[in-house]
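Single-letter residue listing:
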Amino acid sequence: MTDTPIRHFLTVDDLQPEELLAVLDLADDLKAERPTPASRASSTWGDVLHGKSVALIFEKPSTRTRVSFEVGVRELGGHPVVLTGQQLQLGRGETVADTARVLSRYVHAIVLRTFGQDRLEDLAEAGDIPIINALSDLTHPCQAVADLQTIREYKGTLAGLKLTYLGDGNNMAHSLLKAGAMTGMHVVIGHPEGYAPNGQIVDEARTLAEFSGGAITVTTDPETACVDADVLYTDVWASMGQESESTERAALFRPYQLNSGAMALARPDAIVMHCLPAHRGEEISAQAIDGDASVVFSQAENRLHAQKALLITLLT
Ligand code: CP
Ligand code: NVA
């Protein structure tokens, strides 16, 4: 057992707004120290996780999250243990709680990508080490932190910006609602009928926005959503686990595509964002994602810096 309280990161607002801004500042410092991969050896932070092991468990596929966490733990001097659910007894029905109790005896933190948010909560409840959410059906907070870092990098600020998310009211929409609300942004969700974000999360985001001077708008009108946006963001129409709904969703979601029409309504200097993986011609046009306004690969890079900042904040 530790003397200091265990810090989990299950949703963006597990950090206080000022802690979130400090994580973004640290992520910027970490990025500045690593202008190229070869420069990482001289990092001020290269030993900060020395002697610490971090279990990275993936119950769903991942490219960015898996690789950026594994590389990030290593660059901080720690030891990553990467596992799929199927490699663990978890995949054969061992409970999340027992897994948490056992792994707490071996490693210093668990990063989990899973289905229900309740699995992360159960892990946090039963273990005595920090738990980090690497995506659930409900939320994707690590992505949202990297997204804030990216927006600040390109726009110089967060407060007062209009961030428009087009598409499914899914895990990504939920975490952007919280992250934007905490940092004084106007977050607009433009979604098809029947695919609204979770009402409780919208209410929580509205409460957070009251404190930050931000605002939340949820609409089914994609054009109103895009007018004067500083940031246009989208995500897949069918998330992991919803593949069987792809055809049905494609027809309904078509008016919500992030394309030149959406960009024409936004501010002339608006940036285009997507957490990736992307489907060109579906939720985003090739012109939008591959055009000059797109920052999607900086977003992907910032996963590494933002997660290193989170690991330092939660584990040291
Ligand atoms: N954006 C994101 O989380 O990507 P992966 O699914 O590849 O980890
Ligand atoms: N909403 C997507 C995000 C992928 C990073 C999914 O859950 O599949």
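Only a predicted model underlies this, so the values are computations on that prediction, with no experimental measurement involved. (Residues numbered from 1 in each chain as written. Chains lettered and ligands numbered in written order. Predicted model: local features only at pLDDT ≥ 70, side-chain atom pairs only at ≥ 80, totals over all residues.)

Asker: Mind showing me how you'd approach the pairing of strand β6 (residues 186–190) here?
Answerer: A regular strand places its side chains so that they alternate between the two faces of the sheet. In terms of burial, β6 is largely enclosed, as 5 of its 5 residues are buried. Across the two faces of β6 the burial is the same, with His186, Val188 and Gly190 and Val187 and Ile189 all buried. Pairing of strand β5 (residues 162–166) with β6, which is carried by 5 bridges, proceeds in the parallel orientation. Bridge assignment links Tyr165 to a residue of β6, and that residue is Ile189. Here β6 runs beside strand β7 (residues 215–219); their pairing, made up of 5 bridges, is parallel. (Buried ≥ 20, exposed ≤ 12 C-beta atoms within 10 Å, placed from the backbone. Helix = DSSP H or I, 4+ residues; strand = E, 2+ residues; numbered from the N terminus. Pairing = 2+ DSSP bridges.)

Asker: Honestly, the site of ligand 1 in this entry has me stumped. Any pointers?
Answerer: Near ligand 1 you find Ser62, Thr63, Arg64, Thr65, Leu135, Gln143, Cys275 and Leu276, and these make up its full shell. Of the residues assigned to the shell around ligand 1, the class counts are 3 nonpolar, 4 polar and 1 charged. Split by domain, the shell around ligand 1 shows at least three residues from each of two domains, domain 1 (12–139 + 303–315) and domain 2 (143–299). (Near = placed C-beta within 6 Å. Nonpolar A, V, L, I, M, F, W, Y, C, P; charged D, E, K, R; others polar. Domains from an automatic or database assignment.)

Asker: Where do I start with the sheet that holds β7 in this structure?
Answerer: In a beta sheet, neighbouring strands are held together by backbone hydrogen bonds and run either parallel or antiparallel to one another. Spatially, β7-β6-β5-β8-β9 is the arrangement adopted by the 5 strands of the open sheet, whose pairing is parallel. Looking at strand neighbours, the two that pair on one side only are β7 and β9 (271–274), the edges of this open sheet. The sheet shows a mean angle of 20° between the axes of neighbouring strands, taken without regard to direction. (Axes fitted to C-alpha atoms, helices over the stretch in contact; angles between N-to-C directions.)

Asker: What is the right way to look at unusual backbone geometry in this model?
Answerer: A cis geometry characterises the amide bond from Leu276 onward to Pro277, with omega recorded as 5°. By the element assignment, Pro277 lies in the loop between β9 and α11 (286–290). We note that Leu135 has phi near 120°; this positive angle belongs to a residue other than glycine. With respect to the helices and strands, the residue Leu135 is situated in the loop between β4 (131–133) and α5 (141–155). Judged by the 26 C-beta atoms lying within 10 Å of it, Leu135 falls in the buried class. You will see that Leu276, though not glycine, has its phi angle at about 70°, which is positive. For Leu276, the location among the structural elements is in the loop between β9 and α11. A residue is classified by how many C-beta atoms lie within 10 Å of it, and Leu276, with 16 of them, is partly exposed.

Asker: I would appreciate a short explanation of the site of ligand 2 in the present structure.
Answerer: Every residue close to ligand 2 is listed here: Leu135, His140, Asn170, Asn171, Met172, Asp235, Val236, Ser239, Met240 and Cys275. Of the residues in the shell around ligand 2, the class split is 5 nonpolar, 4 polar and 1 charged.

Asker: When you look at the environment of Glu282 in this model, what are you seeing that I'm missing?
Answerer: On the secondary structure map, Glu282 appears in the loop between β9 and α11. Given 18 C-beta atoms within 10 Å, Glu282 falls into the partly exposed group. Separated by 32 residues in the primary sequence, Glu282 and Ala250 place their C-alpha atoms 7.3 Å from one another. Every residue in contact with Glu282, bar those within four places of it in the chain, is listed here: Trp237 and Ala250. (Contact = placed C-beta atoms within 7 Å.)

Asker: Sorry, what's going on with the UniProt feature "binding site: L-ornithine" (unreviewed entry) in the protein here?
Answerer: Sequence positions flagged by UniProt for "binding site: L-ornithine" (unreviewed entry) are, in local numbering, Asn171, Asp235, Ser239 and Met240. Taking the farthest pair of C-alpha atoms as the criterion, the annotated set spanning 70 residues converges on one region, since that pair is 11.5 Å apart. Note on placement: Asp235 falls in the loop between β8 (231–234) and α9 (246–253). Here Asp235 falls in the buried class, since 25 other C-beta atoms lie within 10 Å of it. Beyond its immediate sequence surroundings of up to four residues, Asp235 is in contact with Gly167, Asp168, Asn170, Met172, His274, Cys275 and Glu283. Considering the arrangement of structural elements, one finds Met240 in the loop between β8 and α9. Judged by the 16 C-beta atoms lying within 10 Å of it, Met240 is partly exposed. Sequence-distant contacts of Met240, that is, excluding residues within four places in its chain, are made with Lys60 and Pro61. (UniProt positions renumbered as here; feature names shortened; annotations may be inferred.)

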